[in-house]
Amino acid sequence: DAGVIQSPRHEVTEMGQEVTLRCKPISGHNSLFWYRQTMMRGLELLIYFNNNVPIDDSGMPEDRFSAKMPNASFSTLKIQPSEPRDSAVYFCASGEGRGNTIYFGEGSWLTVV
Amino acid sequence: AQSVTQLDSQVPVFEEAPVELRCNYSSSVSVYLFWYVQYPNQGLQLLLKYLSGSTLVESINGFEAEFNKSQTSFHLRKPSVHISDTAEYFCAVSTQGGSEKLVFGKGTKLTVNP
């Protein structure tokens, strides 16, 4: 299996622009997670889906952030408009359910200037 | 809500020395516990996990962790570290019977020096 696939790996964008991060989870996994990693705050869970349905989005920082999972093999995290404080590494992860291992992608490194 | 505290943000050690990375958790219900490792510029990889049964769990590369319910701890140990163990280590918790989301600690950066 190719693992969790994220794109783009690196993105530099200007403040105010829309950013879309993409994720393909491991086939057969029914849970998908979006995490954000920064030096100051560590790893924060933004949102997670189970069977394509958002279960907990309490970690989404504000209305500028939105996430979708239109089908079992694809998810997006969108930031509109982007701000410099959104600069971080965004990880997508997928798993098979409670207690099972969660597998992480390589991350999308976002810099907003 | 559950939380995880990793008491040391950085741990420098010499090669072949033993190491312990500390992790304490807080939860009002039974938990699953995990240690993940992150090598530079990579995602996180599972190192080991405790779900139930024996409180001592081991990884394939010589790490072990012991679940201590009374002390709410899940410390990670290795008797002799290698240069290649240099990485950041994250402790994480999820609740049994509740949300499956993982809550992570802030991580411990382990640096193994020659």
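Cut-offs used in this document
Here, residues in each chain are numbered from 1, in the same order as that chain's written sequence. The naming scheme follows written order: chains are lettered A onward, ligands numbered 1 onward. The model is predicted, so local features are restricted to residues of pLDDT at least 70 and side-chain atom pairs to those at 80 or more, both for listing and for counting; the totals for chains, interfaces and linings are taken over all residues. In computing side-chain properties, one takes all heavy atoms of the structure into account and sets aside hydrogens as well as water. The helix and strand labels rest on DSSP assignments: H or I over at least four residues marks a helix, E over at least two residues marks a strand, and numbering proceeds from the N terminus. Radius of gyration: over C-alpha atoms. The globule rule applied is 2.2 Å multiplied by the number of residues raised to the 0.38 power. Throughout, a contact is declared for two residues whenever any of their heavy atoms are within 4.5 Å. Two parts placed together each lose some accessible area; with a 1.4 Å probe, that loss summed over both constitutes the buried area. By definition here, a salt bridge exists when the distance from a side-chain nitrogen of Lys or Arg to a carboxyl oxygen of Asp or Glu is within 4 Å. Here a polar contact means two N or O atoms within 3.5 Å. Within protein one must be a hydrogen donor candidate and the other an acceptor candidate, and residues neighboring in sequence count only if both atoms are side-chain atoms. Here's how the labels work: a residue is buried when its accessible area is under 20% of the maximum for its type, exposed when over 50%, partly exposed in between, all with a 1.4 Å probe on protein chains only.

S.K.: I'd love a proper account of the overall build of chain A, names of residues and values included.
M.R.: Across its full length, chain A holds 0 helices and 11 strands. Going from N to C terminus, chain A has its helices and strands arranged as β-β-β-β-β-β-β-β-β-β-β. The globule rule puts the C-alpha radius of gyration for 113 residues at 13 Å, and the 13 Å found for chain A is close to it. With respect to the principal axes defined by its C-alpha atoms, chain A has extents near 35 × 25 × 25 Å.

S.K.: Please give an account of the interface of chain A and chain B that cites residues and values.
M.R.: Counting from both sides, the interface comprises 24 residues of chain A and, opposite them, 22 residues of chain B. In total, chain A and chain B occlude about 1,800 Å² of area from one another, counting both sides; carbon and sulfur atoms represent 52% of this. Taken as a group, Leu-43, Arg-98 and Gly-99 of chain A account for 31% of the area that chain A buries against chain B, more than any other trio of residues on that side. Of the charged contacts, one joins Lys-101 of chain B and Asp-56 of chain A as a salt bridge, the two residues approaching to 2.7 Å between their closest N and O atoms. Scanning the region where chain A abuts chain B turns up 6 residue pairs in polar contact (both at pLDDT 80 or more). If you list the elements that add at least two residues to the side of chain A that touches chain B, you get strand E4 (31-38), strand E5 (42-50) and strand E10 (102-104) of chain A.

S.K.: Tell me about the environment of Tyr-36 of chain B, and please be specific about residues and values.
M.R.: Inspection of the secondary structure puts Tyr-36 of chain B in strand E5 (residues 31-38). Among the residues examined, Tyr-36 of chain B registers a relative accessible area of 0% and is labelled buried. Along the sequence, Tyr-36 of chain B and Ser-3 of chain B sit 33 residues apart, while their C-alpha atoms lie 16 Å from each other. Residues within four places of Tyr-36 of chain B in sequence aside, it is in contact with Thr-101, Ile-102 and Phe-104 of chain A together with Leu-44, Gln-45, Leu-46, Leu-47, Glu-88, Tyr-89, Phe-90, Leu-102 and Phe-104 of chain B. At a separation of 2.8 Å, a polar atom in the side chain of Tyr-36 of chain B contacts the main-chain carbonyl oxygen of Ile-102 of chain A.

S.K.: Could you give an account of unusual backbone geometry, with specific residues and numbers?
M.R.: A negative phi holds for most residues other than glycine; trans holds for most peptide bonds. Backbone torsion omega between Ser-7 of chain A and Pro-8 of chain A reads -10 degrees, so that peptide bond is classified as cis. Assignment of secondary structure puts Pro-8 of chain A in the loop between strand E1 (5-7) and strand E2 (10-13). With an omega of -5 degrees, the peptide bond running from Gln-80 of chain A to Pro-81 of chain A counts as cis. Within the secondary structure, Pro-81 of chain A sits in the loop between strand E8 (74-79) and strand E9 (88-95). A positive phi is found at Glu-16 of chain B, a non-glycine position, where the angle reads about 75 degrees. Here Glu-16 of chain B shows up in the loop between strand E2 (10-14) and strand E3 (19-21).

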